[in-house]
Amino acid sequence: MKLLLVEPNIEGYALMPSMALATLKSFVNNKTKHKAEIADFIFHKKDWEDYLKYKIEKFKPDLIGFSIMSFDYSQALRMARFIKKHYNIKIIFGGVHAILMPEETIKNKEVDMVCTCEGEFALKDLLDKNLDCKKVNGVWYKKANGEVIQNKNLRLIEELDDLPFPDFEDYDLKKYFLINNNHLPILGSRGCPYNCTYCSNHAIRKKLEGRYVRIRSVDSLIQEIELRIKQYYPLGMRYLFFYDDTFILDKKFVFEFCKKFKEKGFDKKLKWNVNVRANLVTDEIIKVMKDAGCYEVRMGVEAGNDEIRNKLYKREMSEEQIYNAVKIIKKYKLHLRVQFIVGAPYDTKKTMDESYKMARKINADYTLFPILMPLPATEIKDICEKENLIEGKGFKDSHIMFTSPVSRTKYVKMKDIKKVVNKVRIYQVKKVLLEGLRMKNIRFLFDLIIFFIYYKRKYDLEVDNVFRFTVNKYALEKL
């Protein structure tokens, strides 16, 4: 049978090809007798209907699978409606949103099936049985009369080394390398042991059975990197973007990886970046990573106020740990990206200003200040609903609301939240302008013009991407 995997990215922007779909495609093609392809729309936003028709009519799939997050759920439904209007093809939804909200997802008439677990083995079983969903664990489906059948779930995959390496061949990597500064995504682990209330991880852990945090062997990771160099170095790949929730969870893993990465000489060809947590950062870990080619770390701070950060968000990190981590990271001259979230249920003007002041004090290379989005099944969403902080009636039934941030906090209105976001944006713009002029002078102004009149329009990019096309690019050139 044939499976067409769809990334519903017809709105917004993405800088990396989907790891989830690349892994599913590889699993189907290497571990089953079936065939899978990917339809990626990041460079087909305006002509997505024509491109989707082209992919369907050329590949002739028996099943179309959507991997969905809450942010792109409405886009996936829009595409599924289009498919059902023109073709008689079964559609299955999977991914984080489907796992957390299977009842809400399968009620849509466009959705025939929902995958309620990691998709690899559920899809294999479903395809092996010619889409006969009876006794296919990990899949919910509708009978002819509309009745929803809930098959029992599959346990989490124990050994990540048993999975084949992701297959990126259906992605236009040359274009991706152009907009993401030559980065390729890679994953060394699945799962996170922490309980941050705004993140889906703690909610997913409650839904699935089995060991949630799993780490690949270093040898498997090194083998994949060796393959990627052969495949994509000629196309321009120069950096690895690790998607692990927290790369430094296992100290032994980090040290072994860095040692073998250097032994292979990969540090002479590739640099890499990772996510870290302030409470796990040590001088020893950062030193070893820097020496092996790590050039950047991304770190979530989320709030400058201790009550918001640790009691509400459950981040489990002190102000002292945050500043200590920043000090170590800067000591070894790694690029630093930090994130704060504004719009927490109990945020006040004062607590949001504390976040702004902490961000200024940290003075990271890049600072993000998104407005809180209460994701389905998370603790923070329950609090937001309890405090009536989410606009719109029928939140539980409306897919549109799954992509909307909070409308206010208990103490401030949205206009006050946006004031903080705008203040950060102005601060960030000034920082980029000053850095760009300092680093490249006239060339920076020329690159700004090229970004706005060419790249932004051609690839439908956000203004914030100007950092990646200028200052970030200049910094990478120095590595």
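Parameters at a glance
Residues numbered from 1 in each chain as written. Predicted model: local features only at pLDDT ≥ 70, side-chain atom pairs only at ≥ 80, totals over all residues. Heavy atoms only, no water. Axes fitted to C-alpha atoms, helices over the stretch in contact; angles between N-to-C directions. Helix = DSSP H or I, 4+ residues; strand = E, 2+ residues; numbered from the N terminus. Left-handed = near helix turned anticlockwise from the far one by under 90°. Contact = heavy atoms within 4.5 Å. Polar contact = N/O pair within 3.5 Å; in protein donor to acceptor, adjacent residues only side chain to side chain. Parallel < 35°, antiparallel > 145°, perpendicular 65-115°, else oblique. Nonpolar A, V, L, I, M, F, W, Y, C, P; charged D, E, K, R; others polar. Buried < 20%, exposed > 50% of the residue type's maximum accessible area, 1.4 Å probe, protein only. Pairing = 2+ DSSP bridges. Right-handed = clockwise from strand over helix to strand, strands pointing away. Expected span 1.5 Å × (residues − 1). 1 Å grid on protein atoms, 1.4 Å probe; cavity = no way out; pocket = protein on both sides within 12 Å on 5 of 7 lines; lining within 4 Å. Points joined across faces, edges and corners; volume = space filled by probe spheres on them.

Caption draft 1: Structural context of the packing of helix H9 (residues 218-232) against helix H10 (residues 251-263). Remark: H9 packs on H10, axes separated minimally by 10 Å, with the N-to-C direction vectors making an angle of 40 degrees. As H9 runs across H10, the sense of the crossing is right-handed. Within the contact between the two elements, H9 uses Val218, Asp219, Leu221, Ile222 and Ile225 and H10 uses Phe253, Glu256, Phe257, Lys260 and Phe261.

Caption draft 2: Quick peek at the environment of Lys268. As for its position among the elements, Lys268 is in the loop between H10 and strand E12 (271-276). In the structure, Lys268 is positioned 25 residues away from Gly293 in sequence and 8.0 Å away in space, judged by C-alpha atoms. Of the polar contacts made by the side chain of Lys268, one reaches the side chain of Asp267; its length is 3.4 Å.

Caption draft 3: Fine view of the packing of H10 against helix H11 (residues 283-291). Remark: H10 packs on H11, axes separated minimally by 9 Å, with the N-to-C direction vectors making an angle of 20 degrees. In terms of axis orientation, H10 runs roughly parallel to H11. H11 is crossed by H10, and the crossing has left-handed handedness. Residues Lys251, Val254, Phe255, Cys258 and Lys262 of H10 touch H11, and the partners they reach there are Glu284, Ile285, Val288, Met289 and Asp291. Looking at side-chain class alone, the contact of H10 with H11 contains six nonpolar, no polar and four charged residues.

Caption draft 4: Representation of the pairing of strand E1 (residues 2-7). Of all the six residues making up E1, five are buried; the element is thus mostly covered by neighbouring parts of the structure. Relative to strand E2 (residues 35-40), E1 runs parallel, the two sharing six bridges. The residue bridging Lys2 from the neighbouring strand is Lys35, located in E2. A crossover links E1 with its parallel partner E2, the connecting element being helix H1 (residues 19-31), and its sense is right-handed.

Caption draft 5: Fine view of the side chain of Lys55. In this structure, Lys55 sits in helix H2 (residues 48-59). Within polar-contact distance, the side chain of Lys55 engages the backbone oxygen of Ile38 at 3.4 Å. Sequence-distant contacts of Lys55, defined by excluding residues within four places in its chain, comprise Leu4, Glu37, Ile38, Ala39 and Lys60.

Caption draft 6: Quick look at the side chain of Glu296. Summarising the element assignment, Glu296 is placed in strand E13 (residues 294-302). At 3.0 Å, the side chain of Glu296 forms a polar contact with the side chain of Arg337. For Glu296, the residues in contact, after removing those within four places along its chain, are Trp272, Asn273, Val274, Leu334, His335, Arg337 and Asn472.

Caption draft 7: Summary view of the sheet that holds E13. Strand order in the open sheet formed by six strands is E8-E11-E12-E13-E14-E15, and the pairing between neighbours is parallel. Each of the sheet's edge strands pairs with one partner strand only, and the pair in question is strand E8 (183-186) and strand E15 (366-368). Averaged over neighbouring strand pairs, the angle between their axes works out to 20 degrees when direction is ignored. Relative to E12, strand E11 (residues 239-242) runs parallel, the two being bridged by three bridges.

Caption draft 8: Looking closely at helix H3 (residues 73-86). Taking 1.5 Å per residue as the helical rise, H3 with its 14 residues ought to reach 20 Å, and the 20 Å between its terminal C-alpha atoms agrees with that figure. When we look at burial in H3, the residues that qualify are Tyr73, Ser74, Gln75, Ala76, Leu77, Met79, Ala80, Phe82 and Ile83. Where H3 is buried, its residues touch E1, H2, strand E3 (63-67), strand E4 (90-94), helix H4 (96-100) and helix H5 (102-106).

Caption draft 9: Quick peek at empty space enclosed by the protein. Evaluation of the coordinates by the stated rule reveals one cavity of 30 Å³ or more. Of the pockets and cavities examined, the largest cavity occupies roughly 40 Å³. Around the largest cavity sit Gly188, Ser189, Ile215, Asp244, Thr246, Phe247, Leu249, Asp250 and Phe253, which together line it. In terms of residue class, the lining of the largest cavity is built from four nonpolar, three polar and two charged.

Caption draft 10: Looking closely at the pairing of strand E14 (residues 335-340). In terms of burial, E14 is largely enclosed, as five of its six residues are buried. Summarising the sheet, E14 and E15 pair through three bridges and their orientation is parallel. When the sheet's bridge partners are listed, Arg337 is paired in E15 with Tyr366.

Caption draft 11: Region of interest: unusual backbone geometry. Not every positive phi belongs to a glycine, and Lys135 is a case in point at roughly 65 degrees. Summarising the element assignment, Lys135 is placed in the loop between helix H6 (119-128) and strand E6 (139-142). For Lys135, a relative accessible area of 69% gives the class exposed. Backbone geometry at Ala377 places phi at a positive 70 degrees, although glycine is not the residue there. Mapped onto the elements, Ala377 comes out in the loop between E15 and helix H15 (379-386). Looking at Ala377, the relative accessible area reads 34%, which means it is partly exposed.

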